[in-house]
Amino acid sequence: MKRHHIIFATIFLTIIGCVSLNNGLEKERIIFKPEDTGVRKTYTIQVPDLEENEKKVYQEFGGHGHGFKIVYADSSIIYYTNDDAIATPNFKNYETIGWQGFDLLNKNKDTVVYGQQGNGLFWKEIKVGEEFIGYLNVSPADKELFNKSIKTLK
């Protein structure tokens, strides 16, 4: 009898451990084909696994680069772009903190900006070199998950 309890406890703890390993995040791979960007490029990011909140992945191509958006049914968005010639999805949110935007002539200046939108949802944008990653329209309950997510882009 004792042995069955030990086996059950081991199985239960293994299941709990596997569930907690993802910390509410799931792996998403976005693959750009050579015919779209000139080279094959694969991005991997751990994105929030929001129950009953479906998501869609969109690839974007601009004149100076490419990027992607992961859009959830509740309107929250994670995005990445290496096209600094167009405005990012958070461009209008810069006003919420009184910020004028990035100095595109100083491409080496890494920057992190964030704030709360007028509707109470959160946004954040990180610029490293000529690359941008961020989120917007994120509820207070999901903010930490989205913060973790944007740190996992590879």
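Residues numbered from 1 in each chain as written. Predicted model: local features only at pLDDT ≥ 70, side-chain atom pairs only at ≥ 80, totals over all residues. Heavy atoms only, no water.

(A) Just unusual backbone geometry, in detail. With a phi angle near 85°, Ser75 is a residue other than glycine that sits in the positive phi range. Residue placement: Ser75 occurs in the loop between β4 (66–72) and β5 (77–81). Taking the relative accessible area as the measure of exposure, Ser75 reaches 33% and is therefore partly exposed. Non-glycine residue Asn137 carries a positive phi angle of around 60°. Structurally, Asn137 can be placed in strand β8 (residues 131–138). (Helix = DSSP H or I, 4+ residues; strand = E, 2+ residues; numbered from the N terminus. Buried < 20%, exposed > 50% of the residue type's maximum accessible area, 1.4 Å probe, protein only.)

(B) Just the pairing of β8, in detail. Taking burial as the measure, the eight residues of β8 include seven buried ones, the bulk of the element. Where β5 lies against β8, five bridges are found, and the strand directions are antiparallel. Directly across from Thr81, in β8, lies its bridge partner Phe132. Here strand β7 (residues 122–128) folds back onto β8, and the loop between the two strands holds two residues, one of which, Gly129, carries a positive phi near 65°. (Pairing = 2+ DSSP bridges.)

(C) Structural context of the nonpolar core. Within the largest apolar cluster, 20 residues are counted, with the highest numbers of intra-cluster contacts made by Ile45, Phe68, Ile70, Ile78, Tyr135 and Phe146. When residues of this core are traced back to their parent elements, those giving at least two are β1 (25–32), β2 (41–48), β4, β5, β7, β8 and α3 (143–150). Sequence-distant contacts of Ile45, that is, excluding residues within four places in its chain, are made with Glu26, Lys27, Glu28, Ile30, Phe68, Ile70, Ile78, Ile133, Ser149, Thr152 and Leu153. (Core = buried A, V, L, I, M, F, W, Y, C linked by side-chain atoms within 4.5 Å. Contact = heavy atoms within 4.5 Å.)

(D) The confidence of the model for the protein, seen in detail. Per-residue confidence for the protein gives a mean pLDDT of 85; residues scoring 70 or more make up 82%. Of all helices and strands in the protein, the one with the weakest mean pLDDT is helix α1 (residues 2–21) (47), whereas α3 scores best (98). Low pLDDT, under 50, characterises residues 7–20; the stretch is placed with zero contacts to residues that sit more than four places away or in other chains. (pLDDT = per-residue confidence, 0-100.)

(E) Here's a closer look at the packing of aromatic side chains. Scanning the entire structure with this criterion turns up ten aromatic pairs. Ring centres of Tyr43 and Tyr80 lie 4.8 Å apart, and the angle between their planes is 45°; this geometry places the pair in the tilted category. Of the two residues, Tyr43 sits in strand β2 while Tyr80 sits in strand β5, which places them 37 residues apart along the sequence. Classification of Tyr43 as buried rests on a relative accessible area of 4%. One aromatic cluster is present, built from ring pairs that chain together Phe32, Tyr43, Phe61, Phe68 and Tyr80. Lying over the aromatic face of Tyr43, Lys41 brings its terminal NZ or CZ to 5.1 Å of the ring centre. (Phe/Tyr/Trp six-rings, centres within 6.5 Å; stacked < 30°, edge-to-face > 60°. Lys NZ or Arg CZ within 6 Å of the ring centre and 35° of its normal.)

(F) Quick look at the sheet that holds strand β6 (residues 111–116). One open sheet accounts for six strands, arranged β3-β4-β5-β8-β7-β6; its pairing is antiparallel. For this open sheet the edge positions go to β3 (55–61) and β6, each flanked by a neighbour on one side alone. Strand-to-strand twist across the sheet, computed as the mean angle between neighbouring axes with direction ignored, equals 10°. (Axes fitted to C-alpha atoms, helices over the stretch in contact; angles between N-to-C directions.)

(G) The side chain of Glu125, seen in detail. The topology assignment puts Glu125 in strand β7. Of the buried charged residues, Glu125 lacks a salt bridge, with Lys127 as the closest side chain of opposite charge at 9.2 Å. Polar contacts involving the side chain of Glu125 include one to the side chain of Tyr94, which spans 2.4 Å. Residues contacting Glu125, with those up to four places away along its chain left out, are Tyr79, Thr88, Asn90, Tyr94, Phe102, Thr111, Val112, Val113, Phe132, Ile133 and Gly134. (Lys, Arg positive; Asp, Glu negative; His and termini not counted. Salt bridge = Lys/Arg side-chain N within 4 Å of Asp/Glu carboxyl O. Polar contact = N/O pair within 3.5 Å; in protein donor to acceptor, adjacent residues only side chain to side chain.)

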